[in-house]
Amino acid sequence: MMKIEAIIQPSRFESVKEALLEIGIEGMTVTEVRGHGRQKGHTEVYRGREYTVDLLPKIKLEIVLADGLVNRAVEAILKSAKTGKIGDGKIFLSRIEEAIRIRNEERGEGVL
Amino acid sequence: MASPRLGLEAGYRPKKKMTDPVSSLSVLGPQCDAQRERIRKLFDNGASAQDTLRQLCELADGAIQQVFAELLRSRQAPAQGFCLLALGGYGREMLFPYSDLDLLFLFGNEKSEEEFRPLIAEFSRTLWDLGFRVSSAGRTLDECRRIEEDNAEFHLAMLDRRFLDGDATLFEKLDAKVMSGPEKQARPFLLNELQRLMCDRLNRYGNTIFHLEPNVKEAPGGLRDYHSTLWMRQLAGDRRDPRISPVNEDELTRNAVEFLSAIRCFLHYSNARNDNTLTYELQAGAAERSLGIDDNLRRNAAEWMRLYFRHARTLNRQLLRYMEQRPQATMTLRQRLVNATLGARQEGTNGKPFMVRDGLLELTNEQAYADRNATYALLTEASRTGVPVSREAERSIAYIMTHPELPQRNSRIAWPVLSEILGADYPGMALRPMHRLGLLIELLPEFRTIDSLVVRDFYHRYTVDEHSLRTIEHLQELAEPPDSRGLHFTQLWRTVDRRDLLILSLLLHDVGKGMPVGNHIVGSLQALEIAADRLRLEPEEKAEVHFLIEHHLDMSATVQRRDIFDPATVSAFATNVVTHERLQRLCLLTYADIHAVNPEALTPWKAEMLWRLFVSTSNYFSRTLDRDRLHASDESILLEQVRQQALGASKADIERFLDGFPRRYLAVHSPAEIAAHFALYRKLGAEPVQTDVKVTHHAYTLTLLSADRPALFATIAGVLAAWGMNIVKADAFANAAGVVLDTFNFVDLHRTLELNPGEIVRFRQSIADIVNGKQALEPLLKGRLAAALARPPKVAVPTTLNFDDASSDQCTLMEIVTQDRPGLLYGIGSALSRLGCNIEVALIDTEGQKAIDVFYLTGQGKKLAPQKQELLREVLNATLS
């Protein structure tokens, strides 16, 4: 099992969700986050006040998948989240040792 | 409020089985099960909740008495100095199928406690095995005398005590001698605690009955409201109001309690546990079996829920009235000062049939309210000051409204009156009572479609009408935002123009959800058509509300689905919104609409995104003003509208007048206003300076047309300052032919024009004379500015000055934010003129003590050179410091 963590542009979220749905991935955890990588923030002045946007709004998706699905999911995210500009985000993959369904304490890939 | 804490954990599960002495009770278990099944069947077959609760109570009473007797017999101990009481819901004989049995073991003294306490665990175990969940406590008589300050719930449960078994003389002693003193003593404490517990509970549920999946016990309007009202009445010595009730309140209450009790029984039976949440599925189930209704009419879940809300409203209204009538036991210094201030406002309402008492608006002459104008005056006062209308006042008005022997006068409200309520600082303070009294639906029958309407989705927590009213309350709380999400939007709320139209849009934006249309926005717009005709809105007012309703989801969608840091997104959004004023209204509407979905819907992240889009779009407007100029020949509809109003004018003349104005000119002026401007333009040949002064919302508007000339803007600003006028907003535009059209919105600080209407002629003449050079400005200004500058500002605003060469192709933009003061614009305009800068376009705005001015400047027809910008910065900093 692998966990995919994808940090994407908020505006691409709907497309990413649809792309994942198309390959049969429905379950995901979504968090509104702020951060920046190479895409630094910028400063906006409104009515004499300076607003510095150094942490940019992003969406974080977390999905745990069986190994066989991971490549397809990554591909779907890459295709749907990419605009080609700085700030498109990142995908992180990590191995998951166990998954347990709380309701019936079932374990393994079957609970995903 | 949580279940009364009685000492043992609710639902206590015994570890040991029953011992021999009570094994004879083994037949009682199946008997109890059979009885429960019988009661359930009766309920399923239509028995009333009252009967069901009574039978469940009798079943429990019988089982308890039998177990108690067996236990005593097995111990061969007579129950002397020991008895058993039912408390809480069980005490008042409202035992629901899966509710706990709240029991108190009462001991005469410590000796009898020592003797009988070992029985308690065994007794509880036996009852558990019989299928009863016991929550019990033990107290001696002496202990009952003590006020347990950390356990108000116990004292409240004791108010419903009922003798079950054992030493009856002990119970009589408790009732007659022991409790009478402490209960009297504890009243203030209990009333305080009860008030605190109720406030906590109501707050936990957002202070509204209108939840989509309500908890029928704990949520506002639930059975706990009824019990709390009973406790309050009991603690207050049951002071019944001797006046005639507006309707038969006791009967309404009985019906509401029966209806909610039936639901609670149904929920317990359906969930097979003490779960009181009326979920969507169970709403459908309850509607299917017409639960709580005996009129044989079939209702769908939404219609059945409307009945639920009607009953919940009865119980909640009663509780809130009792809570309001009970004064705070102790007030903090701040509360006392606030009350004193509010009390002092009585003077302000002299001559009107209401006054402020204890921070609430109360009626002083009830008969006056047969005239609906008095009711609206009261509601206007609430919306203006934020002082709530008392529940008692509301009750009196309801009585007058529903009694035909008191015929209502002036029952039709005019739009200006409603507009004043909607445009005030606290419109929700009036709209809430208006909704409860039925006045809102009387004024806006379109609102009826969403009254108590449940629309199921994953996000909304409240009924549609509640959501709509909450949007308005979220805006009014921006005066003092309760958390960081609202901070950015406070200034927008304070300065938004035509707040009345924004609030009307919020009232109507979702009414389509109650109409048989595919898209609710289409329905809401249909409703607006009817409402606007009835209220006689001006075409521009209707168009604005139409835009806000039609596009009420646009800003939210842009924030969530578009890259708001992409200039193309901002430009497309701005093109749709058109003006800064409208952007401000749409932004506030979006903020409120998201906020009112549920308490968590507006995350700080979303609020920040919304604010970013607002800032980017607002800056886009102020920085692209000269980019898009009018080509009059493309505006055939407008040309025709103006031509119809300007008799005898040729199309070519109108085109010549309009050509070259920035597009904003069209966006901020109606065709009628443009026609009026054109009429002034046509007179320029006879008189080179044309002016017009109009009274607008709490201010004046001066329009001036003239051929462009040096220092024109500074001169007009100077004349206004010389007359003591405070400029709050201004636009300066020029067309392709070099005709300048300046609009100044100003406040008449010394009420010169208001008190002396004849002075308007002299005022206009003074402007014309000074602009034409027939009269000098400086002598007029001298005394006025010296006096004004002598007054220190209330809030210090630091000056910032920015130049921008990138936003416009032809001009340098200069944005100044500084302390507002009389003569400010004159000072800036004069400095610009001295340095040879020409104002191509100007946008002047104020926020309280802050002036925000944007000038599009040229020098000899070009952008300002960097050296010129530096010089200007130096001069202006010196002028403004």
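A few points on the structure.

1. Some words on the overall build of chain A
- Tallying secondary structure elements over chain A gives 2 helices and 6 strands in all.
- Its helices and strands in sequence order give chain A the pattern β-α-β-β-β-β-α-β, from N to C terminus.
- Taken over the C-alpha trace, chain A has a radius of gyration of 17 Å; the compact-globule value for 112 residues is 13 Å, which it surpasses by more than 25%.
- Overall size of chain A, expressed as C-alpha extent along the three principal axes, is 60 × 30 × 20 Å.
- Taking as baseline every contact in chain A between residues at least 6 positions apart, the subset at least 24 positions apart corresponds to 72%.
- Computed over 19 positive and 18 negative side-chain charges, the inter-centroid distance for chain A is 6 Å.

2. Focus on the pairing of strand β5 (residues 56-65) of chain A
Residues and elements named next belong to chain A.
- Most of β5 is tucked away: 8 of the 10 residues are buried.
- Across 7 bridges, the pairing between strand β1 (residues 2-8) and β5 is antiparallel. The residue bridging I7 from the neighbouring strand is K60, located in β5.

3. Side note on the sheet that holds strand β11 (residues 800-804) of chain B
Residues and elements named next belong to chain B.
- Sheet architecture is open: 8 strands sit in the order β7-β8-β10-β9-β13-β14-β12-β11, paired in antiparallel fashion. In this open sheet, the two edge strands, each paired with only one partner strand, are β7 (689-696) and β11. Between one strand axis and the next, the sheet turns by 15° as a mean value, whatever way the strands run.
- With respect to the sheet, helix α36 (residues 824-834) is in contact with β9 (725-734), β10 (739-748), β12 (812-819), β13 (838-847) and β14 (850-858), its orientation differing from that of β14 by roughly 20°.

4. Observations regarding helix α9 (residues 223-235) of chain B
Residues and elements named next belong to chain B.
- Compared with the 18 Å implied by 1.5 Å per residue over 13 residues, the 18 Å span of α9 between its first and last C-alpha is a close match.
- Judged by how many residues are buried, α9 sits mostly within the fold: 11 of 13 residues are covered.
- Within the span of α9, buried status applies to L223, R224, D225, Y226, H227, S228, T229, W231, M232, R233 and L235.
- Downstream of α9 by a residue or two, G237 has a phi angle that is positive, lying close to 75°.

5. Remarks on the interface of chain B and chain A
- Contacts between the two partners involve 31 residues from chain B, matched on the other side by 22 residues from chain A.
- Both faces considered, chain B and chain A share a buried interface measuring about 2,200 Å² in area, 51% of it formed by carbon and sulfur atoms.
- On the chain B side of the interface with chain A, the three residues burying the most area are B:F565, B:W605 and B:R612, jointly 29% of the side's total.
- The interface formed by chain B and chain A holds 2 salt bridges in total.
- Residues A:K85 and B:D566 are paired through a salt bridge, measuring 3.5 Å at the closest nitrogen-oxygen approach.
- Our enumeration of links across chain B and chain A arrives at 5 residue pairs in polar contact (both at pLDDT 80 or more).

6. A few points about the packing of helix α11 (residues 280-288) of chain B against helix α12 (residues 301-325) of chain B
All names here are of chain B.
- At their nearest, the axes of α11 and α12 sit 9 Å apart, and the two run at 90° to each other. In this view, α11 runs roughly perpendicular relative to α12, as classed from their interaxial angle. On α12, the residues that touch Q283, A284, A286 and A287 of α11 are A301, W304 and M305.
- Tallied by class, residues from the contact of α11 with α12 come to 6 nonpolar, 1 polar and no charged.

7. Concerning the side chain of B:T703
- Secondary-structure assignment places B:T703 in strand β8 (residues 699-707).
- Excluding its chain neighbours within four sequence positions, the residues that come into contact with B:T703 are B:H677, B:L680, B:Q690, B:T691, B:D692, B:L741, B:D742 and B:T743.

8. A short note on the pattern of salt bridges
Residue and element names in this part refer to chain B.
- Counting across every chain of the model gives 58 salt bridges over all chains.
- Linking R36 and D33 is a salt bridge whose minimum nitrogen-to-oxygen distance equals 3.0 Å. Residue R36 and its partner D33 are both found in helix α1 (residues 28-44); the two are separated by 3 residues, about one turn of the helix.
- Assessed through its relative accessible area of 45%, D33 is described here as partly exposed.
- For the salt bridge of R384 with E381, the shortest nitrogen-to-oxygen distance reads 3.2 Å. Remark: E381 and R384 occur in helix α14 (residues 372-385); sequence separation between them is 3 residues, near one turn of the helix.

9. Looking at the packing of aromatic side chains
Residues and elements named next belong to chain B.
- A complete count under the given rule lists 26 aromatic pairs over all chains for this structure.
- On the numbers, 5.7 Å between centres and 45° between planes, the contact of F43 with Y269 is tilted. Remark: Y269 occurs in helix α10 (residues 249-271) and F43 occurs in helix α1; sequence separation between them is 226 residues. For the pair formed by F43 and Y269, the shared burial category is buried.
- These aromatic residues form a ring-pair network of at least three members: F68, F82, F105, F107, F116 and F123.
- If you follow R36 out to its NZ or CZ, it ends over the ring of F132, 4.5 Å from the centre.
- The ring of F96 carries the charged tip of R264 above its face, separated from the ring centre by 4.3 Å.

Calculation notes
- Residues numbered from 1 in each chain as written.
- Chains lettered and ligands numbered in written order.
- Predicted model: local features only at pLDDT ≥ 70, side-chain atom pairs only at ≥ 80, totals over all residues.
- Heavy atoms only, no water.
- Helix = DSSP H or I, 4+ residues; strand = E, 2+ residues; numbered from the N terminus.
- Rg over C-alpha atoms; globule rule 2.2 N^0.38 Å.
- Contact = heavy atoms within 4.5 Å.
- Lys, Arg positive; Asp, Glu negative; His and termini not counted.
- Charge placed at Lys NZ, Arg CZ, Asp CG, Glu CD.
- Buried < 20%, exposed > 50% of the residue type's maximum accessible area, 1.4 Å probe, protein only.
- Pairing = 2+ DSSP bridges.
- Axes fitted to C-alpha atoms, helices over the stretch in contact; angles between N-to-C directions.
- Expected span 1.5 Å × (residues − 1).
- Buried area = accessible area lost by both parts, 1.4 Å probe.
- Salt bridge = Lys/Arg side-chain N within 4 Å of Asp/Glu carboxyl O.
- Polar contact = N/O pair within 3.5 Å; in protein donor to acceptor, adjacent residues only side chain to side chain.
- Parallel < 35°, antiparallel > 145°, perpendicular 65-115°, else oblique.
- Nonpolar A, V, L, I, M, F, W, Y, C, P; charged D, E, K, R; others polar.
- Phe/Tyr/Trp six-rings, centres within 6.5 Å; stacked < 30°, edge-to-face > 60°.
- Lys NZ or Arg CZ within 6 Å of the ring centre and 35° of its normal.

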